[in-house]
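Reading the structure
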Amino acid sequence: MATKRTPHPISTYPTATPQSASTDNHENQDQIETLRAEMTSLRASHQSELEALRAEVATLRAAITPPMTAVSVDSVDSVELDTALDVHDTSESLSPTSTTATSRRSLLKWGGLGAAAALAATSGAVLTSQTAHASDGGSLLLGNNNNAEHLTTLTYNGSETAPIGFSIETSGSSFSTGMTIFAGINGVGLLASTLDDGTGISGQSDTGVGVEGIGQFGIDFHANGSGRILQNTASATGAPTTGTYTIGEQIRDHKGDLYICIASGTPGTWRKVAAGKPGVSGAINFLTNPIRLLDTRVSPGTPWNAGSTNALQITGVVVGGISVPSGAIGVVGNVTVVSPSGGGDLRLYPGASAPATSSINFATGWTIANGVTVGLNSSGKLNIKVDMPASTHTHVLFDASAYIL
């Protein structure tokens, strides 16, 4: 650390008394020679100290990051040394512009500047500087538009009982957004990963939205882990009866049943989501118009005989631009018996063997219809068994009005 240096003592010169001009010149010349000798000695003795001082200043400057942009240098050493050696002489050889005087002042002021810089750095002098940044621009600064090339990580050091990695509060602003993240093409705006019983993302709102995801052209929210999504249950059973809701909202009632709001309002219109088993249950979808898929009077043009079992294709048959789509697991329609030659019944079913129950019952000569809901096999077909006395027959019609998918 640089310390304040005391200037070398300088000889005190006697006050001149009135003498002849030659005597004055002789005395002045003696004084000049004495001064030059002392300055030569002073330069030699200070040279090594000056080099050491410059090295200290360079070290101090390098330690200040970023470099100082303003330092106040009013050095007492420089003033004292300059005053001690400044000779106000009217002779030409000691004029302020002479080489000797200029060199001396330059030398002493350089030494004073170095000492002042060192003292300023060690005594708390005010330095005007910028905020320190990572050399590669990798750190993120809040309140700035950052162009960072490296990952910024907040690491929990284990000193808190229940740490919060990052917290943003915007309670003082209406319609505010706590944090907005934009990701590039095929990117992920926010990825939360947690261990044990931790919570990756937690959002809280009084009347607004706790957590919102916006996918410009893709998925708004993706449970990209085990796929589990937990929804707390309401305190009451059934659809909400109070409060204002928006179409598209979902709740779980006290029993865990899922309800969807299908019309906004107070309390809105709600529909319970029915539980179903894949492949054997689904929603009913009505055709734009009923379509006739069977009329034995037209094709094959002859009635079905007693005891026969006939397969009827339901899916994929287009009638007037309308069809039951492939993948349907059931059909809703009417079955009709026309002019049977004996009494009996028809049995409609999807499986390999006929059930013990009938879909329609009739007597000789009747024309009668009945509504049915029948499952379909994996090929989209149903079977119709004609249960009548031997040697009898009947015409059969089937019309589809809806399907289950």
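Just so it is clear, the model here is predicted, and its values are computed rather than measured. (Residues numbered from 1 in each chain as written. Predicted model: local features only at pLDDT ≥ 70, side-chain atom pairs only at ≥ 80, totals over all residues. Heavy atoms only, no water.)

Taken as a whole, the protein shows an average pLDDT of 75; of its residues, 62% reach a score of 70 or greater. Predicted confidence is poor over residues 1-18, with pLDDT under 50, and the contacts of this stretch with residues over four places away or in other chains come to 27 contacts. Here residues 67-137 is a poorly scored stretch, pLDDT under 50, and it has 78 contacts once near neighbours within four places are set aside; other chains count. (pLDDT = per-residue confidence, 0-100. Contact = heavy atoms within 4.5 Å.)

With that settled, the discussion passes to the sheet that holds strand S6 (residues 309-313). Strand pairing in a sheet relies on backbone hydrogen bonds. The paired strands run either parallel or antiparallel. Spatially, S6-S11-S8-S9 is the arrangement adopted by the four strands of the open sheet, whose pairing is antiparallel. At either end of the open sheet lies a strand with only one pairing partner, and these are S6 and strand S9 (360-362). Across the sheet, the mean angle separating the axes of adjacent strands is 20° when strand polarity is ignored. Direction of pairing for S6 relative to strand S11 (residues 381-387): antiparallel, over a ladder of five bridges. When the bridges of S11 are listed, Gln313 appears paired with Lys381. (Pairing = 2+ DSSP bridges. Helix = DSSP H or I, 4+ residues; strand = E, 2+ residues; numbered from the N terminus. Axes fitted to C-alpha atoms, helices over the stretch in contact; angles between N-to-C directions.)

Summed over all chains, the structure comprises seven salt bridges. The partner of Arg292 in a salt bridge is Asp399, with the nearest N and O atoms 2.7 Å apart. Placement of the pair is Arg292 in strand S4 (residues 284-295) and Asp399 in strand S12 (residues 393-404), with a sequence separation of 107 residues. Given a relative accessible area of 17%, Asp399 falls into the buried group. The partner of Asp345 in a salt bridge is Arg347, with the nearest N and O atoms 3.2 Å apart. Arg347 matches Asp345 in its accessibility class, with the two residues each being buried. (Salt bridge = Lys/Arg side-chain N within 4 Å of Asp/Glu carboxyl O. Buried < 20%, exposed > 50% of the residue type's maximum accessible area, 1.4 Å probe, protein only.)

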